[in-house]
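Here is how the chains run, residue by residue.
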Amino acid sequence: MTTDQDLKISGEAQPAAAADEGEDITPKKDRGVLKIIKRAGTENETPMIGDRVSIHHKGMLLNGKVFDSTHERTEPFTFHLGRGQVIKSWDIAVATMKKKEVCQLICKPEYGYGTAGSPPEVPPNSTLKFEIELLDFSGEDLYEDGGIIKRIKVKGEGYSYPNEGATVEIYLEGRCNGQLFDRRDVKYVIGEGEDHNIPSGVDKALEKMQKGEYCLLHLKSQYGFGDAGKHEFSIGPDMELDYEVTLKSFEKAKESWEMNTKEKVEQAAIAKEKGTAYFKASKYKQAVVQYGKIVSLLEMEYGLSDEERKISQSFLLAAFLNLSMCFLKLKDYMKVVECCDKALELDNTNEKGLYRRGEARLFMNEFDLANIDFHKVLEVNSENKAAKSQIAVCRKKIKEHNEREKRVYANMFQKFANQDAKGRKSQLCEKGRKSQLCETSLSK
């Protein structure tokens with residue numbers, strides 16, 4: 001087993017002033033991580049907690065032996081800063097670096113691989129030397145769709161996060177194109193931000209924040225105020241927003257597994273009432289959140305009495321039907337079909353479920369399937385005039401579709417026929433040319 005002391009005794013090369021060189025960058029100022037800048041960075045900004053950083057690095061023992069190098073692998077190493085994904089010295093050092101900066105670190109064992117080392121390359125209790133180049137960094141993509149980019153300026157405390165329905169106290173500042181449009185303290189319930197002119201992106205980000213955390217958020221329009229904009233803030237449609245948010249405190253909502261059936265039914269009734277109010281106000285996305293709560297509360301509930309099952313299925317049926325109507329308004333037709341399928345599992349002759357699924361399929365150009373659904377509606381209610389009208393539309397669409405296909409195939413067959421005729425003509429011409437050559441040859 002080799003240690004720093006063993007290396008000294010063996011007389012292997014040591015940095016003459018390894019313990020004295022460089023700036024102490026440890027929070028405790030215990031000289032556990034010393035940093036020397038070898039090449040200055042190109043920008044002023046440094047990475048924040050949670051940022052995805054990309055680096056090149058070379059790790060060496062104090063005798064100069066290289067035990068790891070990304071340069072040899074020809075690809076950089078990436079990790080999320082401040083999440084404990086790497087040794088302590090890296091989290092500390094990279095947070096101080098600027099893009100394209102190259103630095104050298106001397107790290108004591110407690111900031112490296114500690115008493116265990118990293119066998120077989122790194123012995124126990126090794127002081128290590130690293131050369132790190134910060135290639136790039138970017139904020140955390142919370143939902144991996146580019147819609148919410150989060151960067152943490154001040155880390156929160158504890159290991160608990162607000163859940164949907166939690167009561168939160170926050171301070172926020174909102175900007176659009178650099179212009180401040182909102183600045184305030186606000187207390188509200190996550191999932192009901194719209195009632196306080198707070199976009200859904202802030203709601204979603206809060207569910208991933210800790211108490212005391214201060215972060216920056218960049219929101220694409222779908223997580224901001226969408227295509228409607230926000231008249232109160234003079235924000236037009238499809239605008240991207242920037243928020244600074246501090247989570248001052250929160251009280252978690254009771255999780256569904258902590259509730260008995262009676263409590264779940266009570267919460268479902270509240271969610272249904274809120275969802276209906278949002279729907280009437282044309283706030284369909286907010287209505288979806290509330291109706292979705294009913295599904296989360298009751299869909300996987302087992303061991304119910306007959307009366308409880310009847311009440312639960314009534315709430316679920318209403319929730320799936322209301323969700324289907326919301327998604328129709330939002331033009332998300334695949335979701336409409338999914339919700340109607342769920343409703344029809346509970347009641348296979350439900351008139352609204354069959355009709356709305358038919359509507360969605362009609363919008364998706366699935367005319368045959370839509371036609372079947374509308375006919376099923378008439379089996380349930382032969383007086384449904386809307387279904388009769390939609391059947392006529394389906395027939396017309398199916399006829400138009402078939403006629404288009406006939407024209408396509410007719411043109412295709414004519415094209416093939418023309419190609420065959422052209423080929424036969426070419427063959428005859430070739431035969432005639434060869435025949436003429438033969439006659440000319442014989443005449444000679």
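For the structure, check the block above.
All figures in this text were calculated on a predicted structure; none of them were measured in a lab.

Enquirer: Just to check I follow, could you spell out the overall build of the protein chain for this structure?
Expert: Assigned secondary structure in the protein chain consists of 11 helices and 13 strands. Scored against the burial criterion, the 444 residues of the protein chain give a buried share of 41%. Taking contacts inside the protein chain between residues at least 6 apart in sequence as the whole, the part at least 24 apart equals 62%. When the accessible surface of the protein chain is split by element, carbon and sulfur atoms take 50% of a total near 25300 Å².

Enquirer: Explanation requested: helix H7 (residues 306-329) in the structure shown.
Expert: Structural remark: α-helix, 3.6 residues per turn; residues separated by three or four positions point the same way. With 24 residues, H7 should reach 34 Å at 1.5 Å per residue; the first-to-last C-alpha distance of 35 Å fits that figure. Two residues or fewer past H7, Lys 331 is found with a positive phi of approximately 60°.

Enquirer: Teacher, can you tell me more about the side chain of His 56 here?
Expert: Residue placement: His 56 occurs in strand E3 (residues 52-61). Since its relative accessible area comes to 14%, His 56 is described here as buried. A polar side-chain atom of His 56 sits 2.7 Å from a polar atom in the side chain of Thr 70. Once you skip the residues sitting within four places of it in the chain, His 56 turns out to touch Thr 70, His 71, Glu 75, Pro 76, Glu 131, Ile 132, Glu 133 and Leu 135.

Enquirer: When you look at helix H5 (residues 261-280) in this model, what are you seeing that I'm missing?
Expert: The end-to-end C-alpha distance of H5, which contains 20 residues, comes to 29 Å, matching closely the 28 Å that a straight helix rising 1.5 Å per residue would cover. Every buried residue of H5 is accounted for by Thr 261, Lys 264, Val 265, Ala 268, Ala 271, Gly 275 and Tyr 278. Taken down its axis, H5 places every buried residue within 140° of arc, on the same side. More than 90 degrees from the buried face of H5, the exposed residues found are Lys 262, Glu 273 and Lys 280. The inward-facing, buried residues of H5 contact helix H6 (284-298) and H7. With a side-chain oxygen positioned 3.2 Å from the backbone nitrogen of Lys 262, the residue opening H5 is Asn 260. At the exit of H5 stands Ser 282, carrying a positive phi of roughly 65°.

Enquirer: How should the pairing of strand E11 (residues 179-189) be read in this particular structure?
Expert: Across a regular strand the side chains alternate sides, sitting on one face of the sheet and then on the other. Examined bridge by bridge, strand E10 (residues 167-176) and E11 share 10 bridges and lie antiparallel to one another. Of the residues in E11, the one forming a bridge with Leu 172 is Arg 184. Taken together, E10 and the strand that follows it, E11, pair antiparallel across an intervening segment of 2 residues, in which Asn 177 is found at a positive phi of about 55°.

Enquirer: Help me understand the packing of aromatic side chains in this model?
Expert: Between two aromatic rings, the relevant description is the distance of the centres plus the angle of the planes. For the structure shown, the criterion picks out 13 aromatic pairs. Their ring planes at 90° and their centres at 5.8 Å tell us that Phe 181 and Tyr 243 sit as a pair that is edge-to-face. With Phe 181 in strand E11 and Tyr 243 in strand E13 (residues 241-251), the pair connects residues that are 62 residues apart, well separated along the chain. In this pair, the class of Phe 181 matches that of Tyr 243, namely buried. An aromatic cluster is built from Phe 67, Phe 77, Phe 79, Trp 90 and Phe 130, whose rings are joined through pairwise contacts. Note that Lys 99 overlies the ring of Phe 137, its terminal NZ or CZ placed 5.6 Å from the centroid. Lying across the ring of Tyr 143, Lys 208 places its NZ or CZ 5.4 Å from the centre.

Enquirer: Hey, could you run me through the nonpolar core in this one?
Expert: A general tendency of soluble globular proteins is for nonpolar side chains to be buried together. Counting 29 residues, the largest nonpolar core has Ile 294, Leu 298 and Leu 323 as its most contacted members. The element that contributes the greatest number of residues to this core is H7, accounting for 10 residues. The residues touching Ile 294, leaving out its near neighbours within four places in the chain, are Ala 268, Ala 271, Lys 272, Glu 299, Phe 315, Leu 316 and Ala 319. The next biggest cluster of nonpolar side chains, apart from the first, holds 27 residues, and it includes Leu 142, Phe 181, Tyr 188 and Leu 241.

Enquirer: What's the story with the pattern of salt bridges in this structure? I'm lost.
Expert: Opposite charge on two side chains lets them pair, provided their charged atoms get close. Scanning the model with the defined rule gives 25 salt bridges in all. The partner of Lys 220 in a salt bridge is Glu 240, and the shortest N-O contact between them spans 3.0 Å. Of this pair, Lys 220 sits in the loop between strand E12 (214-219) and E13 while Glu 240 sits in the loop between E12 and E13, and the two are 20 residues apart along the sequence. In this structure Lys 220 comes out as partly exposed when scored by relative accessible area, which is 31%. Through salt bridges with shared partners, a single ionic network connects Glu 173, Arg 175, Arg 183 and Glu 244.

Enquirer: How should I be thinking about the sheet that holds E13 in this particular structure?
Expert: Note: strands within a sheet are paired through backbone hydrogen bonds, in either parallel or antiparallel orientation. Spatially, 6 strands are ordered E8-E9-E12-E13-E10-E11 in an open sheet, and the strand pairing comes out antiparallel. Looking at which strands have only one partner, the edges of the open sheet turn out to be strand E8 (140-141) and E11. As paired elements, strand E9 (residues 148-154) and E12 share 6 bridges and run antiparallel to each other. Paired with Lys 150 across the two strands is Leu 217, which belongs to E12.

Enquirer: Just checking my understanding: could you explain the environment of Val 337 for this structure?
Expert: Within the secondary structure, Val 337 sits in helix H8 (residues 333-346). Looking at Val 337, the relative accessible area reads 12%, which means it is buried. Filtering out sequence-adjacent residues up to four positions away, Val 337 remains in contact with Arg 357, Ala 360, Arg 361 and Met 364.

Enquirer: What am I meant to see in the side chain of Glu 173 here?
Expert: Its place among the elements puts Glu 173 in strand E10. Here Tyr 171 takes part through its side chain, which lies 2.6 Å from a polar atom of the side chain of Glu 173. Setting aside chain neighbours within four positions, we find Glu 173 in contact with Leu 180, Asp 182, Arg 183, Asp 242, Tyr 243 and Glu 244.

Enquirer: Would you explain a positive patch on the surface in this entry?
Expert: On the surface, a cluster of positive charge is contributed by Lys 396, Lys 397, Arg 404 and Arg 407. Lys 396 gets classed as exposed once you look at its relative accessible area, which sits at 53%.

Enquirer: Is there a simple way to think about the environment of Gly 165 in this case?
Expert: Positionally, Gly 165 belongs in the loop between E9 and E10. Residue classification places Gly 165 among the partly exposed positions, given a relative accessible area of 21%. With 25 residues separating them in the primary sequence, Gly 165 and Ile 190 have C-alpha atoms 5.0 Å apart. Ignoring anything within four residues of it in the chain, the contact list for Gly 165 reads Val 189, Ile 190 and Ala 253.

Here is what the cut-offs are and how they apply
Each chain carries its own residue numbering, running from 1 in the written order of its sequence. For this predicted model, a pLDDT threshold of at least 70 governs which residues receive local features, and a threshold of 80 or more governs which side-chain atom pairs are given and counted, while totals over whole chains, interfaces and linings are taken from all residues. The side-chain values count all of the structure's non-hydrogen atoms but skip hydrogen atoms and water molecules. Under the scheme used here, helices are H or I runs from DSSP no shorter than 4 residues and strands are E runs no shorter than 2 residues, and both carry numbers assigned from the N terminus. Only protein chains enter the calculation, and the probe is 1.4 Å; a residue is then buried if its accessible area is under 20% of its type maximum, exposed if over 50%, and partly exposed in between. For this analysis, residues touch if any pair of their heavy atoms sits within 4.5 Å. Exposure was quantified through the Shrake-Rupley algorithm and a 1.4 Å probe, taking into account, for residues, occlusion by the shown protein chains and nothing else. The span expected for a helix works out to 1.5 Å for each residue beyond the first. We call two N or O atoms a polar contact when they sit within 3.5 Å, provided that within protein one can donate a hydrogen and the other can accept it, with sequence-adjacent residues counted only if both atoms are side-chain atoms. Read the arc as the range of directions from the helix axis to the C-beta atoms. A pair of strands counts as paired when DSSP detects no fewer than two bridges linking them. Each Phe, Tyr or Trp ring (for Trp, its six-membered ring) is paired with any other whose centre lies within 6.5 Å, and the angle between the two planes then decides the class: stacked below 30 degrees, edge-to-face above 60, tilted in between. As a reminder, the over-ring test applies to NZ of lysine and CZ of arginine, requiring each to be within 6 Å of the ring centre and within 35 degrees of the ring normal. Nonpolar core, defined: a set of buried Ala, Val, Leu, Ile, Met, Phe, Trp, Tyr and Cys residues in which side-chain atoms within 4.5 Å join the residues together. A pair is scored as a salt bridge if a Lys or Arg side-chain nitrogen falls within 4 Å of a carboxyl oxygen belonging to Asp or Glu. Exposure above 30% relative accessible area and the absence of a salt bridge qualify a residue for a patch, where like charges join within 9 Å and nonpolar side chains (Val, Leu, Ile, Met, Phe, Trp, Tyr) within 5 Å. Charged-residue counts in this description rest on Lys and Arg as positive and Asp and Glu as negative, His and the chain ends being excluded. Positions of charges follow a simple convention, taking NZ of Lys, CZ of Arg, CG of Asp or CD of Glu.

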